[in-house]
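Each chain is listed here by its residues.
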Amino acid sequence: AVAAAAAEKEKEKEKKEESKDPEQIAFKEVVGHLSMELVGGHTTVRSNIQKLLGELAQLTGRDVADLLEPFRSSISQQIFKRRLTNFPVPVQIGHLDGLTYCLSLKPAFLAGEPNLVQFFQDALNVAEMEDQAIAGGRQPDGGVVAQFNLLRTHCVQLLRTAMASSEVSLSTNNQELRNQIILMFFKVITKGHHDAVIAAREGLAEVLQTQRGKAPFKDLLQSSLRPVLVNLADYRKLNVPLLEGLSRLLELLSSWFNVTLGEKLLDYLQKWAEPDKATPAGGQIKKASDEPKIPAAIIQLFHLLPPAPEKFMQKLAQLTIDLELKLPSVGDFSQVRSPYRAPLTKFLNRFPSEALDFFYGKLTEPQYCKLFQHILRSETASPLRDEVRRSVQKLLNHTFLKDPAHADYHELRFQGVAIVRTICKFFPDWLRESPMVLDHLQRIWLSKERIARLQKEEELELEHLLESKKLVKCLLCYARCNTNDHEVLFNMLTIFTVRSVVDYSFLKQFYAHEVANGYTLSQRKSMVLHMINKCKDPAVPQELKVQALQLLVIPTLTSTLSKPGGESVLDESTITTIVKDLLDPGDEILSRYDEALHIELLQLATLLIRYLKNQLVSHRKELIKFAWDRLKRDETTSKQWAYVNVCRFIEAYDAPHKIILQVYVALLRAFQPEQRPLLKQALDILTPALPKRLPPQEHKYPIWIRYTKKIIVEEGHSLPHLIHIWHFLVRHADLFYSSRAQFVPQMVNSLNRIGMANSCPVENRKLAIDLADLVMTWDARRIEAAKAEPVVKVEGKEEAKVVVKMEVDGEAGGADEKKRDQPDEGLDNGAPTKKAKTEAGAVTTATAAASAPTPVPVTPSTPRGPDAA
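How each quantity is defined
Residues numbered from 1 in each chain as written. Predicted model: local features only at pLDDT ≥ 70, side-chain atom pairs only at ≥ 80, totals over all residues. Heavy atoms only, no water. Helix = DSSP H or I, 4+ residues; strand = E, 2+ residues; numbered from the N terminus. Buried < 20%, exposed > 50% of the residue type's maximum accessible area, 1.4 Å probe, protein only. Contact = heavy atoms within 4.5 Å. Areas by Shrake-Rupley, 256 points an atom, 1.4 Å probe, with all protein chains shown as cover. Salt bridge = Lys/Arg side-chain N within 4 Å of Asp/Glu carboxyl O. Phe/Tyr/Trp six-rings, centres within 6.5 Å; stacked < 30°, edge-to-face > 60°. Expected span 1.5 Å × (residues − 1). Axes fitted to C-alpha atoms, helices over the stretch in contact; angles between N-to-C directions. Parallel < 35°, antiparallel > 145°, perpendicular 65-115°, else oblique. Left-handed = near helix turned anticlockwise from the far one by under 90°. Nonpolar A, V, L, I, M, F, W, Y, C, P; charged D, E, K, R; others polar. pLDDT = per-residue confidence, 0-100. Core = buried A, V, L, I, M, F, W, Y, C linked by side-chain atoms within 4.5 Å. Arc of directions from axis to C-beta.

Q: Honestly, the overall build of the protein chain in this entry has me stumped. Any pointers?
A: Counting secondary structure elements, the protein chain contains 46 helices and 2 strands. Across the 869 residues of the protein chain, 47% fall into the buried class. Considering only residue pairs separated by 6 or more positions, the protein chain has 72% of its internal contacts joining residues 24 or more positions apart. Of the roughly 43800 Å² of accessible surface on the protein chain, 53% is carried by carbon and sulfur atoms.

Q: When you look at the pattern of salt bridges in this model, what are you seeing that I'm missing?
A: Oppositely charged side chains can form a pair if their charged atoms are brought close together. All told, the structure shown has 34 salt bridges when counted by the stated rule. With its nearest N and O atoms 3.1 Å apart, the salt bridge here joins R669 to E715. Taken together, the residues span a long stretch of sequence, with R669 in helix α37 (residues 657-669) and E715 in helix α40 (residues 703-715) at a distance of 46 residues. In this structure, the salt-bridge partner of D779 is R782, at a minimum N-O distance of 2.9 Å. Placement of the pair is D779 and R782 together in helix α43 (residues 762-788), with a separation of 3 residues, close to one helical turn. Each of the salt bridges in this network shares a partner with another, and the network as a whole consists of R669, K710, E714 and E715.

Q: For this particular structure, what's the right way to read the packing of aromatic side chains?
A: Each pair of aromatic rings is reported with the distance of its centres and the angle of its planes. Per the counting criterion, the structure on display carries 15 aromatic pairs. Arranged with centres 5.8 Å apart and planes meeting at 50 degrees, the rings of F510 and Y511 form a pair that is tilted. Both residues of the pair, F510 and Y511, count as buried. Ring centres 5.5 Å apart and planes at 75 degrees place the aromatic pair W704 and F736 in the edge-to-face group. Placement of W704 in helix α40 and of F736 in the loop between α41 (719-731) and α42 (744-755) is noted, with a sequence separation of 32 residues between them. Of the two residues, W704 and F736, both sit in the buried class.

Q: Can you walk me through α40 in this structure?
A: Every α-helix winds through 3.6 residues per turn, so residues three or four apart in the chain are directed the same way. Here α40 spans 18 Å end to end across 13 residues, near enough to the 18 Å set by a 1.5 Å rise per residue. Most of α40 sits out of view: 12 of its 13 residues are buried. Along α40, the positions that sit buried rather than exposed are I703, W704, I705, R706, Y707, T708, K710, I711, I712, V713, E714 and E715.

Q: So what exactly am I meant to see when it comes to the packing of helix α3 (residues 43-60) against helix α6 (residues 89-104) here?
A: Helix-helix packing: each pair is described by the crossing angle between the helix axes and the interaxial distance. Two elements in contact, α3 and α6, have axes separated by 11 Å at closest approach and are oriented at 20 degrees. By the angle between their axes, α3 is roughly parallel relative to α6. Judged by the twist between their axes, the crossing of α3 over α6 is right-handed. Here R46, Q50, L53 and G54 of α3 lie close against α6, whose contacting residues are I93, G94, D97 and Y101. The residue inventory of the contact of α3 with α6, partitioned by class, reads 3 nonpolar, 3 polar and 2 charged.

Q: Before we go on, may I ask you to explain the packing of helix α7 (residues 116-128) against helix α11 (residues 175-191) in this structure?
A: Following both chains from N to C, one finds α7 and α11 inclined at 25 degrees, their axes separated by 11 Å at the closest point. Accordingly, the angle class assigned to the pair α7 and α11 is roughly parallel. Between α7 and α11 the crossing geometry is left-handed. Taken together, the residues of α11 that come into contact with α7 (itself represented by V117, F120, Q121, L124, A127 and E128) are L177, Q180, I181, M184 and K187. Tallied by class, residues from the contact of α7 with α11 come to 7 nonpolar, 2 polar and 2 charged.

Q: Got a minute to help me understand the confidence of the model for the protein chain in this structure?
A: Interpreting fine coordinate detail is not advised for predicted regions of low pLDDT. Averaged over every residue, the pLDDT of the protein chain is 84; residues scoring 70 or more account for 84%. For the stretch residues 278-287, pLDDT sits under 50, and the model shows 11 contacts to residues farther than four places along the chain or on other chains. Low pLDDT, under 50, characterises residues 794-869; the predicted model gives this stretch 93 contacts beyond four residues in sequence or across chains.

Q: How should the nonpolar core be read in this particular structure?
A: Most often, soluble globular proteins have nonpolar side chains that are buried together. With 261 residues, the main nonpolar core has L489 and Y511 as its most contacted residues. For this core, the element with the highest residue contribution is helix α31 (residues 542-561), accounting for 10 residues. Residues in contact with Y511, not counting those within four places in the same chain, are L489, M492, L493, F496, A516, L551 and L552.

Q: I keep staring at unusual backbone geometry and nothing clicks. Help me out?
A: Note: most peptide bonds trans; most residues except glycine with negative phi. The residue after K106, namely P107, is reached through a cis peptide bond having omega 0 degrees. Phi at L110 takes a positive value of approximately 70 degrees, unusual for a residue other than glycine. As for its position among the elements, L110 is in the loop between α6 and α7.

Q: What exactly am I supposed to notice about helix α25 (residues 435-446) here?
A: For α25, which comprises 12 residues, the first-to-last C-alpha distance of 16 Å matches the rise-based estimate of 16 Å (1.5 Å per residue) to within 8%. Of all the residues in α25, the buried ones are V437, L438, H440, L441, I444 and W445. Across the axial projection of α25, the buried residues extend over an arc of 165 degrees, all falling on one side. Along α25, the residues that are exposed and aim more than 90 degrees away from the buried face are P435, R443 and L446. Lining the buried residues of α25 we find α22 (392-398), α23 (409-426), α24 (430-433), α26 (448-455), α27 (467-481) and α28 (486-492).

Q: Would you take a moment to explain the environment of A418 for this structure?
A: Take A418: it is sitting in helix α23. Judged by its relative accessible area of 5%, A418 falls in the buried class. Here the alpha-carbon distance between A418 and H464, two residues 46 residues apart in the chain, equals 9.9 Å. Sequence-distant contacts of A418, defined by excluding residues within four places in its chain, comprise Q373 and K470.

Q: Is there a simple way to explain the environment of L116 in this structure?
A: As for its position among the elements, L116 is in helix α7. In the structure, L116 is positioned 37 residues away from I79 in sequence and 9.6 Å away in space, judged by C-alpha atoms.

Q: What's the story with the environment of Q318 in this structure? I'm lost.
A: Topologically, Q318 is positioned in helix α17 (residues 309-325). Separated by 49 residues in sequence, Q318 and Q367 have C-alpha atoms that sit 9.3 Å apart.

And the structure:
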């Protein structure tokens, strides 16, 4: 008592000192103004004032209740001067919110007010009122209903705070009011607004923690549950709000119910699943689309009931299937968008081990399989998937380890693959952690039975048609997690050796992006070596070698060698293996190569020559021999790739002039549309190297320029051939600038034929414009070059004539100059020529041979020609 008196004197002393301090006076005025709006009608203002009072209390080191104590009378007067229902609804909400805040303070503020109990009674009455009663008998509109819901929510929050406050102490002073509040909690939980339901549920949970096991509370609880249970007596009286309320009660009071409730709910579901279901009491349901919500809400209750999976699992799954069969084929609730699977998933998640035992025993029944697979793929089935992941042996025993003599052996294996695919989708590294499952998947993948089924896709069911795709997806997950296992990459290639209606482009994208560009340099190196070893293995089918080169080796080497430091991906031994075992394994083995394998090997050799020409110097003979042998074949596609390879070889290494000229002439004479892309690529590779490989020597123009002019003259009557050559010349205009006088007349004369006809395609018109532009560009370049040269004064008429003669000599020189410009007679193939007048009067020559492309004049009929390289 002495200490308390001393403390009281100390407080009075501090108050006297504060009353003299101007800052304290101003601070007190601020708090006073804030307290006046603490119970105001504006929600934003109230919430900001509550935050601000907390910050002020933290700054001053005092409690909020201590700051508000000087203004107790004014705050109390605002709240309690009239009954709650005598205020407008916004003011009621402000008073409720403000009082809730005051009672939630530590210590509670206004807890001892004499009118507090009456205020609680008014709040209780408002919380239990219907909307029409609050509105004074009128039917409220939508906006008013929302305001009434907010009012009831604040009433429930206030009463919940009062029940939890020790200063208010309703459990000792007002037991009857406390029991009424608990009954109100039950009523709001079963059919209240969402926010009010949350507050009531939290309030009831707090009551259960403090009163559990007490006999008076048990009686109160039973009396509170009785109205809910009465409504469950007739399934026709069920509705969604009632079932949702029961669900909330079960979350709090599951121990107060027994399995009898579950059995009764199963009976109700059975009646809903019957075709001749009786009409609900009170008439038809308002909307047919709302009817499935009631069985779904019933299923929603089972995961909250006392545990009895052995009693409910079989019946609940069967009733779910039966109810889904009654759903329409389209609509908000249909067989595709079933409302019953999500609540069933909650029940299975609570008992995952028992659920797996049940569904694993039903894998041969399609309806149960579809239901289980759909639930397993849902986002909410995490506990069920975790159980599958943990119980690997249980999965194997029911699927992959069944006796092959079992009648449903293949069906069980397929269902096992489907389950593994679903688990891999959520746990990509699971197969790496479960080697037994991976081993069984690889056995199925390599089995002859799967390949036989894949070859007869038209006989398979739609679901089983995706067996190989599911397997690829599983192996792909493993390959992403274990980048050092290259055998899996090779095994998956077999899917491209069989024609299928299923799209496997995702696997090609994986090879192109994640393997070719995503692997580290060491991983790419080991992968390429593994694939090369597979390609040289005679036991591996050729179509599989083609896929390995096309999808793995060539894309990986292209991506790697094009970057600095990428040459280390192939060491000397690997290069030797490629050349000796793939490109030059011997005539007997080469003769067994089909065209597709030849094409991939030609592309591989071309790639190596382009990026590793220094490392391949010692293998030049094998490289040119392999390509030259394909030039003598009749296969069109491989022959064009051989041209690309030889052109890349000529670009990288020196070769006899005669071979270079033969290749160049053959490319100019070949103009068929199906050959155009590869011919264009080969010419674009070879042409920049011609000035270096075929220099002019003693002639005014290089021999390749003269042969170009010769072919234009001989084949000019063939418009497709002429277009082919003009396209080539436009692409390499700079190389032909010095000899432009040889081509400009033919270019100008051919413009009408190429681009002026009414039926000519757009591509030809564009070429005509490009030719005209090229002529003008060359002339502009000549003029600029002439301006840059020093001016030489010419005196005398005879000297001027000489100058004029020199200017036109390129077009119509003397007989000696014409003879000097003609190609060698040995390369003319002896084609007879004749004179022909053009429209402009110029003299040209045209060949009398057929319009078909002249074959390559390969002089050495044996590999002696390439050996000379």
